[in-house]
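One-letter residues, chain by chain:
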Amino acid sequence: LQTTEEKTRHFIWISSLHELARNVGEGATELGVMMYPPLDMDGEEEDGKSALQIQLETQVQALLDTNGFILSVGTKVDLASEVVAFSKKLYSASETRCKEAVRAIADTKVSS
């Protein structure tokens, strides 16, 4: 049986995870809207980055934050090993795929 303190700690952890996951979902919607044809590769630029690149990096950061939170749980919550393994894969892949996408955006701008 869990103590009230353990239940509270788990509730806070779940609530925090829910907020991070909500940010990922909202970011996916925003990124999807930006990628819907006609794809505007120019868009508004900020610090030399297109609006698409900025949203892509925002989305990747949301994924990294969420998976970092899951991986940092330690002994706070007992997670299935499959959840931890998938989270590690997604964390690693997020940065790699972002770099690839940013290169593709840059290549598209150069060839335009």
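Scroll up to find the structure this text is about.
This is a predicted model, so every value here is computed, not measured. (Residues numbered from 1 in each chain as written. Predicted model: local features only at pLDDT ≥ 70, side-chain atom pairs only at ≥ 80, totals over all residues. Heavy atoms only, no water.)

Draft legend 1. Spotlight on the overall build of the chain. For the chain, the helix and strand inventory stands at three helices and zero strands. Listed N to C, the secondary structure of the chain is α-α-α in terms of helices and strands. Scored against the burial criterion, the 112 residues of the chain give a buried share of 23%. When the accessible surface of the chain is summed, it comes to about 7,900 Å², and 59% of that surface belongs to carbon and sulfur atoms. (Helix = DSSP H or I, 4+ residues; strand = E, 2+ residues; numbered from the N terminus. Buried < 20%, exposed > 50% of the residue type's maximum accessible area, 1.4 Å probe, protein only. Areas by Shrake-Rupley, 256 points an atom, 1.4 Å probe, with all protein chains shown as cover.)

Draft legend 2. Main features of the nonpolar core. Counting residues in each nonpolar core, the largest one holds seven residues, listed as L31, L52, L56, V60, L64, C98 and I105. Elements supplying a minimum of two residues to this core: α2 (51–71) and α3 (81–111). Each residue touching L56, except ones within four places of it in the same chain, is listed here: L31, C98, A101, V102 and I105. Counting five residues, the second largest nonpolar core, distinct from the first, contains W13, L17, I70 and V73. (Core = buried A, V, L, I, M, F, W, Y, C linked by side-chain atoms within 4.5 Å. Contact = heavy atoms within 4.5 Å.)

Draft legend 3. Local environment of the packing of aromatic side chains. Per the stated rule, a full pass over the model turns up one aromatic pair. Judged by centre distance (5.5 Å) and plane angle (20°), the rings of W13 and F69 are stacked. Taken together, the residues W13 in helix α1 (residues 4–35) and F69 in helix α2 connect sequence positions 56 residues apart. (Phe/Tyr/Trp six-rings, centres within 6.5 Å; stacked < 30°, edge-to-face > 60°.)

Draft legend 4. Region of the structure containing the side chain of S50. Among the structural elements, S50 can be located in the loop between α1 and α2. Within polar-contact distance, the side chain of S50 engages the backbone nitrogen of Q53 at 3.1 Å. (Polar contact = N/O pair within 3.5 Å; in protein donor to acceptor, adjacent residues only side chain to side chain.)

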